[in-house]
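Coordinate inspection notes
Single-letter residue listing:
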Amino acid sequence: MLKKDLNSSQPVVEAFVKNKRILLIIGGGIAAYKCLDLIRRLRERGAGVRVVMTRAAQEFITPLSVSALTNDRVFSDLFDLDDEREIGHIRLSREADAIIVAPATSDLIAKMAGGHANDLATSVLLASDKAPLLAPAMNPHMWLNKATQRNVEQLKADGIAFVGPETGEMAERGEAGPGRLVETAELIAALETMPGMSAGGPAASGPLSGRHVIVTSGPTHEPIDPVRYIANRSSGKQGHAIAAAAARAGARVTLISGPVSLPDPRDVETWHVETAAEMQAAVAGALPADIAVFCAAVADWRVAEQGGQKIKKEKGAPPPALNLVANPDILRTVATLKTGRPRLVVGFAAETENVLAHAQAKLAAKGCDLIVANDVSAAKGVMGGDRNSVHLVTREGHIDWPEMSKEDVAAKLVDEFVRRFSESAFSMTDKAKRAMKSDKPRHKKKKVRKS
Ligand code: CTP
């Protein structure tokens, strides 16, 4: 339980928020700036924080500052087609353990009480399967207004929890009364009572505790028609072993697996997908992460036009030609993210010849930090087998590991992750740090027309 040291910059190791995924909806009020501190405190305690900002909130704090602190992109637009494809409002709420609305403005409260859904924040709240925690903040007259009080009573009757507002001086000169956002410590303490926040889950301690690790594993299946598909020989054994080893090291692990015949590893949240496109969407939904390991043997191509019905043989006709199109390169997409790139991005290179040369070229082409290269030529029996012999390729050079079981490769890899990860509680990318230093308002100056 967390009751002290809330203003310390040191990590509080045994906080109940550890490994939890918090969705923070920031409303448009002067108190929005306090959310920057809230994000830091939650992240220090090992929580993943994803943020939705209303349009009005962006007038008070910039998405750039929020993004630098969450190490993730900020979500704000309901009609962003990319987001709707990659991670829509339903997943934003479903993938969170708890939702906080802060500052909960009179407008947001009114919209929630009325069941409105005319922007991303209200759509997420309406589509959610969990009740949010509301931290109101507004001018005392707005708070005490009968309409606001009626809406608050309605939401309370609907089972929605409130923390605050506090009574005191307001930012506006001469204004005082109920309407101040509660202090960060009180807000975090109130989170403990939320249903999704009970302790448990993966190992509470270990060298990767507080870290989120995403692993892709197995093959992808690319349908040709309803009964046929393009596949490969990947068994998923290596990726699943890495997910299990990371969980044993205390990380919160999201395993995104193609079709395999393996059981889901213990203490690992496993998402099952079939195609490369589904795997890419799942990875986007699982971010942010500290470490991402791309072990899946993703099909490089899919059939351009999938048959709606089973393709039939026709007497005397030539076999059908399969028109292939390239699949998205998931590893490259994540490794080259401008915001929200995991600090450590690891790829695999499955080669049948010139293993090291190909792996070095892949490291550069894909922009990852580490490539685990292996020889998958038939003679080695790696694909589907239980043993592996790998080379760790970095920009500085390579290390050859002797042949060992896939479990041992996984354990040694996780040791390598631990070694590379500093123990600092809060780690921003260098780019995010630079962005923070020059966090000036991004609005272009409006041209003033002289009359
Ligand atoms: N990968 C990916 N998405 C793809 C293809 C590959 O994320 N569409 C990832 C794999 O999970 C692996 C790495 O990229 O970590 C290398 O995959 P590999 O198939 O060996 O290389 P390719 O990029 O497909 O190149 P080639 O087939 O020419 O060897």
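Structure first, text after, so check above.
Presented here is a report on the structure given in the accompanying data block. Starting from 1, residues in each chain are numbered consecutively following that chain's sequence as written. Where local features are concerned, this predicted model is filtered to residues with pLDDT of at least 70; where side-chain atom pairs are given and counted, the filter is 80 or more; whole-chain, interface and lining totals use all residues.

All right, on to the overall build of the protein then. For helices the rule is a DSSP run of H or I covering at least 4 residues; for strands it is a run of E covering at least 2, with both sets numbered from the N terminus onward. Helix and strand counts for the protein stand at 15 helices and 22 strands. Partly exposed residues are those falling between the two cut-offs: more than 12 but fewer than 20 other C-beta atoms within 10 Å of their own, whereas 20 or more means buried and 12 or fewer means exposed, with C-beta atoms placed from the backbone. Across the 451 residues in the protein, those meeting the buried criterion constitute 43%. Residues are treated as contacting if the C-beta atoms built from their backbones sit within 7 Å of each other. Across the protein, every contact between residues at least 6 apart in sequence was considered, and the portion connecting residues at least 24 apart equals 71%.

Using a C-beta atom placed from the backbone, a residue is scored as near a molecule or strand whenever that atom is within 6 Å of it. Within the structure, the ligand sits among 15 residues, and Phe294, Val298, Ile330, Leu331 and Gly347 are positioned closest to it. Those elements that place two or more of their residues in the shell around the ligand are helix H12 (330-335) and strand E17 (344-351). The dominant element in the shell around the ligand, judged by the number of residues it contributes, is E17, at 4 residues. In terms of residue class, the shell around the ligand is built from 9 nonpolar, 3 polar and 3 charged. All amino acids are sorted into three groups, where Ala, Val, Leu, Ile, Met, Phe, Trp, Tyr, Cys and Pro are nonpolar, Asp, Glu, Lys and Arg are charged, and the leftover types, Gly among them, are polar.

Glancing now at helix H1 (residues 34-44). Among the 11 residues in H1, 8 count as buried, and that is most of the element. Taken together, the buried positions of H1 are Lys34, Cys35, Leu38, Ile39, Arg41, Leu42, Arg43 and Glu44. Buried positions along H1 lie against strand E1 (21-26), strand E2 (48-53), helix H2 (63-70), strand E4 (98-104) and helix H9 (184-191). Directly after H1, the chain includes Gly46, whose backbone phi takes a positive value near 90 degrees.

Quick look at the packing of H1 against H9 now. For helices, the axis comes from a line fit to the C-alpha atoms of the stretch in contact; other axes are also lines fit to C-alpha atoms, and the angle between any two N-to-C directions lies between 0 and 180 degrees. One can describe the packing of H1 onto H9 by two numbers: an axis separation of 10 Å at closest approach and a directional angle of 55 degrees. Viewed along their axes, H1 and H9 adopt a mutual orientation that is oblique. Crossing of H1 over H9 shows right-handed handedness. Counted together, Lys34, Asp37, Leu38, Arg41 and Leu42 of H1 and Thr184, Leu187 and Ile188 of H9 form the full contact between these two elements. Residues belonging to the contact of H1 with H9 are distributed by class as follows: 4 nonpolar, 1 polar and 3 charged. Angle categories are assigned with fixed cut-offs, so that under 35 degrees is roughly parallel, over 145 is roughly antiparallel, 65 to 115 is roughly perpendicular, and the rest are oblique. Less than a right angle of anticlockwise turn of the near helix away from the far helix marks a crossing as left-handed, whereas a clockwise turn marks it as right-handed.

This part is about the sheet that holds E4. The strand order E3-E2-E1-E4-E5-E6 describes an open sheet built from 6 strands, whose pairing is parallel. This sheet does not close on itself; its edge strands, each paired only once, are strand E3 (74-75) and strand E6 (161-162). Following DSSP output, two strands are said to pair if at least two bridges run between them. Looking at chain direction, E1 and E4 are connected through 4 bridges and run parallel. Of the residues in E4, the one forming a bridge with Ile22 is Ala98. This element, H2, spans E2 and E3 of the sheet and lies at about 165 degrees to E2.

Working rule for helices: expected span equals 1.5 Å times residues minus one. Between its terminal C-alpha atoms helix H8 (residues 146-157) stretches 16 Å, which fits the 16 Å expected from 12 residues at 1.5 Å a residue. Within H8, burial applies to Thr148, Val152 and Leu155. One side of H8 carries all its buried residues, which in axial view fall inside an arc of 65 degrees. Seen from the buried face of H8, the exposed residues on the opposite side, beyond 90 degrees, are Lys146, Ala147, Gln149, Arg150, Glu153 and Ala157. Taken together, the buried residues of H8 touch helix H5 (106-114), helix H7 (140-144) and E6. Of the residues one or two after H8, Gly159 is the one with positive phi, at around 90 degrees. Note that the arc is defined by the directions from the helix axis to the C-beta atoms.

Here 8 strands make up an open sheet; going across it, the order is E13-E12-E9-E14-E17-E18-E20-E21 and the pairing mixed. Only two strands of the sheet have a single neighbouring strand rather than two, namely strand E13 (269-272) and strand E21 (397-400). Between one strand axis and the next, the sheet turns through 15 degrees on average, direction left out of account. Of the strand pairs in this sheet, strand E14 (residues 291-294) and E17 are connected by 4 bridges, and their pairing is parallel. Across the sheet, Ala292 pairs through a bridge with Val345, a residue of E17. Each of strand E9 (212-217), strand E12 (252-257) and E13 touches helix H11 (residues 276-286); the most contacted strand, E12, lies at about 170 degrees to it.

Here we take up unusual backbone geometry. In this structure, the amide linkage connecting Gly164 to the following residue, Pro165, adopts the cis form with an omega of 10 degrees. With respect to the helices and strands, the residue Pro165 is situated in the loop between E6 and strand E7 (166-169). A cis amide bond links Leu287 with the next residue in sequence, Pro288, at an omega value of 5 degrees. Within the element layout of this structure, Pro288 appears in the loop between H11 and E14. Of note in the backbone geometry, Asn71 takes a positive phi value of approximately 60 degrees without being a glycine. Tracing the backbone through its elements, the reader meets Asn71 in the loop between H2 and E3.

Turning to the pairing of E2, a few remarks are in order. A large share of E2 lies buried, amounting to 6 of its 6 residues. Both faces of E2 are covered, namely the face carrying Gly48, Arg50 and Val52 and the face carrying Val49, Val51 and Met53. Sheet analysis places E1 next to E2, joined by 6 bridges and oriented parallel. Each bridged residue has a counterpart across the sheet, and for Ile26 the counterpart in E2 is Met53. A right-handed crossover is one whose linking path, passing over the helix from the first strand to the second, runs clockwise when the strands point away from the viewer. The parallel pair E1 and E2 is bridged by H1, and the resulting crossover is right-handed. Where E2 lies against E3, 2 bridges are found, and the strand directions are parallel. Bridge pairing in E3 links Val52 to Phe75. Taking the sense of rotation as the criterion, the β-α-β connection linking E2, H2 and E3 turns out right-handed.

That is the geometry; function is a separate question.
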